[in-house]
Structures are given as structure tokens and as C-alpha cells.
Amino acid sequence: MKFLLTMIICSGLSGQCMPPFTIEKTYIDGYECMLDGYQKSYDKIEAMGKDEVNKHRIYIKFGCNEDFSNKGPTSGKPI
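Residues numbered from 1 in each chain as written. Predicted model: local features only at pLDDT ≥ 70, side-chain atom pairs only at ≥ 80, totals over all residues. Heavy atoms only, no water.

(A) Fine view of the overall build of the protein. Per the secondary structure count, the protein includes two helices and four strands. Listed by position from the N terminus, the elements making up the protein come as β-β-β-α-α-β. Residues classed as buried in the protein amount to 22% of the 79 residues present. Split by element, the accessible area of the protein, about 6,100 Å² in all, is 56% carbon and sulfur. (Helix = DSSP H or I, 4+ residues; strand = E, 2+ residues; numbered from the N terminus. Buried < 20%, exposed > 50% of the residue type's maximum accessible area, 1.4 Å probe, protein only. Areas by Shrake-Rupley, 256 points an atom, 1.4 Å probe, with all protein chains shown as cover.)

Below, the structure written as C-alpha cells:
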């Protein structure tokens, strides 16, 4: 089972979020995906800088979801 990391950057000041974006990497499990999600969130906040993060009250949400892109139909019938 492979997982995809999707991130959303939001402003607590405006109450709006940017469109979600998916990292172009698959993870072997949810654990590895979550670790990278925290690291990528940390790196992004650091890159934006203290002033911008505080000015816009930036926060990042992320989730790790199973990658269903290569799976066939789930009807149980042979293809």
C-alpha cells in the first residue's frame, strides 16, 4: 500500500487556504508519510520566515492518504 502527502497552507488572519497540493512522491506507509509531512511543514514555515508567518498567522494542514491511482475497480468482478 502506498501513500500520498497532501498539504494545505492557510491564513488564520483571513480564514482562507490555498488550494491543496500533493507532493510528487509516494510513501511506503502512513508512518513515513506523516514524518515527511511534519518535516515539509516545518521547512515551509521556516522558508516563509517569522515575519510573514506572524503577519498572516500562517498554519499548514496535511494528510496522508492511500494512493488509489493504480488500483482497478472494486466490484470484485474480473476485468
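Let us keep going from here.
(B) Local environment of the packing of aromatic side chains. For the structure on display, the rule yields one aromatic pair. Considering the side-chain rings of Y38 and F62, the 4.9 Å spacing of their centres and the 90° angle between planes classify their relative orientation as edge-to-face. Linking Y38 in helix α1 (residues 30-48) with F62 in strand β4 (residues 58-66), this pair joins segments that are 24 residues apart in sequence. According to the relative accessible area criterion, Y38 is exposed, its value standing at 54%. Judged by relative accessible area, F62 falls into the partly exposed class, the value being 22%. (Phe/Tyr/Trp six-rings, centres within 6.5 Å; stacked < 30°, edge-to-face > 60°.)

(C) Structural view of unusual backbone geometry. The phi dihedral of R57 is positive, around 55°, even though this residue is not glycine. Relative to the helices and strands, R57 is located in the loop between α2 (50-56) and β4.

In short, geometric facts, not functional conclusions.
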